[in-house]
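Given next are the chains, with one letter for each unit.
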Amino acid sequence: MSVAVIGAGAFGTALAVVLAGKAPVTLWGRDIGWAGTRENPRLPGIRLPDSLRVTDALQDCLADTVLLALPAQVLGGFLAEQGQLFDGRRLVSCAKGIDLASLTGPSALIGAACPQATVAVLTGPSFAADIARGLPTALTLACADPQAAQSLQHQLSTGALRLYRTTDVPGAELGGALKNVIAIAAGAAIGAGYGDSARASIVTRGFAEMVRLATALGARAETLAGLSGLGDLVLTCTSDQSRNFRYGLALGAGRDFAAGTTVEGAATARAVTALAVRMGIEMPVSNLVAGLAEGRIAMEHALDILLNRPLKEE
Ligand SMILES: NC(=O)C1=CN([C@@H]2O[C@H](COP(=O)(O)OP(=O)(O)OC[C@H]3O[C@@H](n4cnc5c(N)ncnc54)[C@H](OP(=O)(O)O)[C@@H]3O)[C@@H](O)[C@H]2O)C=CC1
Ligand SMILES: O=C(CO)COP(=O)(O)O
């Protein structure tokens, strides 16, 4: 079965590189001026293997399995224009976010644009650079169809990239989206100098609200406790490799952050706030991140907002 990857960012390129070690892979990017060098500036230091073809023509990407590795806020627009090309295929979302326009996850966007497709989600704790370097990584492959889940698990696993499967698509997808929001809060706590104990509280209380929202949206709690939820939350809240964490560090320290960097948690925090209001669910950490990202809340008030909430049972 053939594989194509849509989105030549860091993650799409990393996945394409390792999968090209098993079978030929096609990688699509909208601007591939770098392709002749066989090194993508978004993933520096990684040489593309000969079995990886880079293209800017979507017609070259009509594979059996197509990985969609575009940022979450870009995916809806892409599918609206190009979705019909990919209908009927196995479409694997690699994005970690909630679409602000529709308040739905990538799998729902794909399902709406490509009603005949088999929709899956690939998510879990993994930095693109680690995957591309062949470091050991474990991810979650979610697909509602158990047979397709098993088939994709085998197709997309490699010697170093170990996929676990689940049929809980909302659980896997929401874990990956929501952890980015909490990582911003964790980074802000460290950036502001509140310390590791404060970070641990944010991670734990953040996890509680991840489970609250995700289960209300149909996820299974045990999926949130797995690689795609807790696993990725731990990684992203503790590593400087994470862009969401680094963005939080900058917010906390009152520093500027490089414009144009993909920080999925900022828009997703706003989507979460809207969903939480709609569903009557308390999401204090996420609401705070949305306020900080939008500039509605100043960092010096953030701590008071969390600490002055009424005392309650854990
Ligand atoms: N990086 C990582 O370690 C991981 C990332 N992910 C997830 O993968 C997704 C993609 O992130 P990542 O690869 O890191 O992002 P990057 O910032 O590295 O790259 C984003 C890519 O999206 C492309 N792009 C942006 N807008 C459009 C558009 N309108 N049409 C077509 N292409 C567009 C960019 O193209 P151009 O270069 O031309 O601007 C670029 O290739 C995110 O949801 C992220 O959370 C998941 C796990 C790990
Ligand atoms: O999702 C990731 C790690 O699993 C990548 O995190 P960042 O998008 O914060 O860099």
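Residues take numbers from 1 onward in each chain, read along the sequence in its written order. As a convention, the first chain written is A and the first ligand written is 1, with the rest following in written order. Given that this is a predicted model, residues contribute local features only at a pLDDT of at least 70 and side-chain atom pairs are listed and counted only at 80 or more, while totals for whole chains, interfaces and linings are drawn from all residues. Side-chain measures were taken over the full set of non-hydrogen atoms in the model, leaving aside hydrogen atoms and water.

It is not clear to me how the UniProt feature "domain: Glycerol-3-phosphate dehydrogenase NAD-dependent C-terminal" (unreviewed entry) in the protein chain should be interpreted in this structure. Could you clarify?
Feature annotation in UniProt places "domain: Glycerol-3-phosphate dehydrogenase NAD-dependent C-terminal" (unreviewed entry) on residues 168-303, given in this structure's numbering. Where helices and strands are cited, they refer to DSSP runs of H or I of at least four residues and of E of at least two residues respectively, numbered from the N terminus. In residues 168-303, helix accounts for 76% and strand for 0%; the two terminal C-alpha atoms are 35 Å from one another. UniProt positions are given in the numbering used here, feature names are shortened, and annotations may be inferred rather than shown by experiment.

Could you clarify how one ought to interpret the packing of aromatic side chains in this entry?
Between two aromatic rings, the relevant description is the distance of the centres plus the angle of the planes. Stacked, tilted and edge-to-face pairs are distinguished by plane angle, under 30 degrees for stacked and over 60 for edge-to-face with tilted covering the rest, among Phe, Tyr and Trp rings (Trp via its six-membered ring) whose centres lie within 6.5 Å. Considering all chains together, one arrives at 3 aromatic pairs under this definition. Seen in terms of ring centroids, Trp 28 and Phe 78 are 5.7 Å apart; in terms of plane orientation they differ by 50 degrees. Their pairing is tilted. Within this pair, whereas Trp 28 is found in strand E2 (residues 25-28), its partner Phe 78 is found in helix H2 (residues 72-86), the two being separated by 50 residues in sequence. Three or more aromatic residues joined by ring pairs form one cluster here, namely Trp 28, Phe 78 and Phe 86.

Is there a simple way to think about the site of ligand 1 in this case?
Around ligand 1 sit 21 residues, and of these Ala 10, Ala 128, Arg 243, Thr 262 and Glu 264 come closest. Within 3.5 Å is the distance limit for a polar contact, defined as a pair of N or O atoms, with the added protein rule that one can donate a hydrogen and the other accept it, and that residues adjacent in sequence qualify only through two side-chain atoms. At a separation of 3.0 Å, an oxygen atom of ligand 1 approaches a polar backbone atom of Lys 96. Here an oxygen atom of ligand 1 sits 2.8 Å away from a polar atom, N or O, in the side chain of Arg 243. Computed with a 1.4 Å probe, the accessible areas rest on the Shrake-Rupley method; for each residue, only the protein chains presented here act as cover. About the coverage of ligand 1: the protein hides 83% of its 900 Å² of free accessible area. Buried and open spaces are told apart on a 1 Å grid over the protein atoms alone, a cavity being a set of points where a 1.4 Å probe fits but cannot get out and a pocket being an open set with protein on both sides within 12 Å along at least five of seven lines. Residues with an atom within 4 Å of a point are the lining residues. More than half of a molecule's atoms within 2 Å of the grid points is what it takes for that molecule to sit in a cavity or pocket. Assessed atom by atom at 2 Å from the grid points, ligand 1 resides in the largest pocket. Each residue belonging to the shell around ligand 1 can be placed in one class, and the counts come to 12 nonpolar, 3 polar and 6 charged. A cutoff of 4 Å decides nearness: a residue is near a molecule or strand if any of its heavy atoms lies inside that distance of it. Following the grouping adopted for this structure description, the nonpolar residues are Ala, Val, Leu, Ile, Met, Phe, Trp, Tyr, Cys and Pro, the charged ones are Asp, Glu, Lys and Arg, and the polar ones are all others, Gly among them.

Would you mind going over a nonpolar patch on the surface with me for this structure?
By definition, no residue in a patch forms a salt bridge, and every one has over 30% relative accessible area; like charges are joined within 9 Å, nonpolar side chains (Val, Leu, Ile, Met, Phe, Trp, Tyr) within 5 Å. Any carboxyl oxygen of Asp or Glu within 4 Å of a side-chain nitrogen of Lys or Arg constitutes a salt bridge here. A cluster of nonpolar side chains, Tyr 194, Leu 303 and Leu 307, forms an exposed patch at the surface whose accessible area comes to about 270 Å². One can find Leu 307 in helix H13 (residues 299-307).

What am I meant to see in the sheet that holds strand E4 (residues 65-68) here?
Strand pairing within a sheet occurs via backbone hydrogen bonds; the two strands may be parallel or antiparallel. A pair of strands counts as paired when DSSP detects no fewer than two bridges linking them. Pairing is mixed across the open sheet formed by 8 strands, whose spatial order is E3-E2-E1-E4-E5-E6-E7-E8. Sheet topology places strand E3 (52-55) and strand E8 (161-166) at the edges, where each strand pairs with a single neighbour. Direction aside, the axes of adjacent strands within the sheet are offset by 25 degrees on average. Pairing of strand E1 (residues 3-6) with E2 involves 4 bridges; the strand directions are parallel. To obtain each axis, a line is fitted to C-alpha atoms, and for helices this fit is confined to the stretch in contact; angles are then taken between N-to-C directions over 0 to 180 degrees.

It is not clear to me how the side chain of Glu 264 should be interpreted in this structure. Could you clarify?
Considering the arrangement of structural elements, one finds Glu 264 in helix H11 (residues 264-279). Accessibility here uses a 1.4 Å probe with only protein chains present; expressed as a share of the type maximum, an area under 20% marks a residue as buried, one over 50% as exposed, and anything in between as partly exposed. Positive charge is attributed to Lys and Arg, negative charge to Asp and Glu, and no charge count is given to His or to the chain ends. In this structure, Glu 264 is buried with no salt-bridge partner, the nearest side chain bearing the opposite charge being Arg 243 at 7.0 Å. Working rule for contacts: check all heavy atoms of both residues, and any pair within 4.5 Å makes them a contact. When near neighbours in sequence (up to four residues on either side) are disregarded, Glu 264 contacts Pro 71, Ala 72, Gln 73, Lys 96, Asn 180 and Asn 244.

For this particular structure, what's the right way to read the packing of helix H6 (residues 169-191) against helix H12 (residues 284-294)?
Each packed pair of helices is defined by two parameters, the angle between the axes and the distance between the axes. The interhelical angle for the contact between H6 and H12, taken along N-to-C directions, is 70 degrees, at an axis separation of 9 Å. Here H12 runs roughly perpendicular to H6, going by the angle between their axes. For the pair H6 and H12, the contacting residues are Val 181, Ile 182, Ile 184 and Ala 185 in the first and Val 285, Ser 286 and Val 289 in the second. Taken together, the residues that form the contact of H6 with H12 break down as 6 nonpolar, 1 polar and no charged. Roughly parallel covers angles under 35 degrees, roughly antiparallel covers those over 145, roughly perpendicular covers 65 to 115, and oblique covers all other angles.

Any chance you could explain the confidence of the model for the protein chain here in plain terms?
Each residue carries a pLDDT score, the predictor's confidence in it, ranging from 0 to 100. Summarising the model, the protein chain shows a mean pLDDT of 97, and 100% of its residues fall at 70 or more. For this predicted complex, the interface score ipTM comes out at 0.99, alongside a pTM of 0.98.

Could you clarify how one ought to interpret helix H3 (residues 106-113) in this entry?
Because an α-helix packs 3.6 residues into every turn, residues spaced three or four apart end up facing the same way. Considered for burial, the residues of H3 that qualify are Pro 106, Ser 107, Leu 109 and Ile 110. Across the axial projection of H3, the buried residues extend over an arc of 160 degrees, all falling on one side. In this structure, the buried residues of H3 make contact with E4, H2, strand E5 (90-93), strand E6 (118-123) and H6. Directions from the helix axis toward the C-beta atoms define the arc.

When you look at the UniProt feature "binding site: sn-glycerol 3-phosphate" (unreviewed entry) in the protein chain in this model, what are you seeing that I'm missing?
The positions UniProt marks with the feature "binding site: sn-glycerol 3-phosphate" (unreviewed entry) are Lys 96, Gly 124, Ser 126, Lys 179, Asp 232, Ser 242, Arg 243 and Asn 244. Here the residues from the annotation list that line the largest pocket are Lys 96, Ser 126, Lys 179, Asp 232, Ser 242, Arg 243 and Asn 244. Of note, Gly 124 is situated in the loop between E6 and helix H4 (128-132). Take Gly 124: its relative accessible area is 0%, and that puts it in the buried class. What makes Asp 232 buried here is its relative accessible area of 1%. For Asp 232, the residues in contact, after removing those within four places along its chain, are Lys 96, Gly 124, Pro 125, Ser 126, Lys 179 and Leu 227.

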